[in-house]
Amino acid sequence: MANPKPSDAKTLMVLGLLQAGPRHGYELHRIVVAHGTLYADFKKPTLYHLLHRLTVQGAVEVHAEGGTRGRRGERLVFALTAQGGAKFQELLRNALSTYDPAQTTFEMAAAYLPWIPVKEAEALLAQRRQAIETRHAEVVNELDHLTGEPASQRLAARSLATDHALSLLDAELAWMDRATRHLASPDGRTTSLTRSEP
């Protein structure tokens, strides 16, 4: 599977919101804004541009609903098509099974993990874990390589950056272990994931 593109997170979010049923554009924007800093750059024009693109692609259908205030006296209502549902499932599974250093797409996909059958969710997360472990090995190798270089500011800077990347990967692997155990538990699909103590 290909690594997610930056735009995939927003597409995944909008298609995911439409899974619950048709929504008008203002309602979609209100929900997006409620997600706080994660989508601080998801402005209303960006949302409508995305909805237009998804409509042209056949993933979303739109109709006008009358009886509202405003200049036109109508609002646009967006609904997911069968093609859009399939695109949502594809993006969701791709985001869950790949490693995206930016994380945005995976964080959005993680919110929809309970929609995936248990065994498939475990398999997708196992694929992701393998990708992270491969990257982890590459970073460890780079860090080991740095230890043979003479002392310098450049060495210190590269060492710090590499160690930071390694720490993030370690934390990601630890989270995946906790999430996998939680999802496999009897109540894992309907209860909160307990945070580990620092």
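Our structure is the block above this text.
Here the residue numbering is sequential within each chain, running from 1 through the sequence in written order. Confidence filtering applies because this is a predicted model: local features only for residues at pLDDT of at least 70, side-chain atom pairs given and counted only at 80 or more, and all residues used for totals across whole chains, interfaces and linings. To get the side-chain values, all heavy atoms of the structure are used, and hydrogens and water are removed first.

Enquirer: For this particular structure, what's the right way to read the pattern of salt bridges?
Expert: Should their charged atoms come close, side chains of opposite charge can pair. By salt bridge we mean one thing: a side-chain nitrogen of Lys or Arg within 4 Å of a carboxyl oxygen of Asp or Glu. Summed over the entire model, instances satisfying the criterion amount to 8 salt bridges. We note a salt bridge from Arg23 to Glu27, for which the minimum N-O separation is 2.9 Å. In this structure, Arg129 and Glu133 form a salt bridge, with 3.0 Å as the shortest nitrogen-oxygen distance. Highlighted residues: Arg129 and Glu133, both in helix α6 (residues 118-146), separated by 4 residues, approximately one helical turn. Buried, partly exposed and exposed residues are distinguished by accessible area as a fraction of the type maximum, computed with a 1.4 Å probe on protein chains only: under 20%, between the cut-offs, and over 50%, respectively. Residue Glu133 is classed as partly exposed on the basis of its relative accessible area of 37%. Each of Arg129, Glu133 and Asp177 takes part in salt bridges that share partners, so that together they form one network. Each helix is a run of DSSP H or I of at least 4 residues and each strand a run of E of at least 2, with the numbering of both proceeding from the N terminus.

Enquirer: Please clarify how the packing of aromatic side chains should be interpreted in this entry.
Expert: In this description, an aromatic ring pair is defined by two values, namely the gap between the centres and the angle between the planes. Ring geometry is summarised as follows: Phe, Tyr and Trp rings, the Trp one being its six-membered ring, pair when their centres sit within 6.5 Å, and such pairs are stacked at plane angles under 30 degrees, edge-to-face over 60 and tilted between the two. Counting across every chain of the model gives 4 aromatic pairs. The interplanar angle of 90 degrees and the centroid separation of 5.3 Å between the aromatic rings of Phe88 and Tyr112 together place this pair among those described as edge-to-face. Of this pair, Phe88 sits in helix α4 (residues 82-97) while Tyr112 is found in the loop between α5 (104-110) and α6, placing the two residues 24 residues apart along the sequence. Since its relative accessible area comes to 9%, Tyr112 is described here as buried. An angle of 90 degrees between the planes, with centres 5.7 Å apart, marks the rings of Phe106 and Trp175 as edge-to-face.

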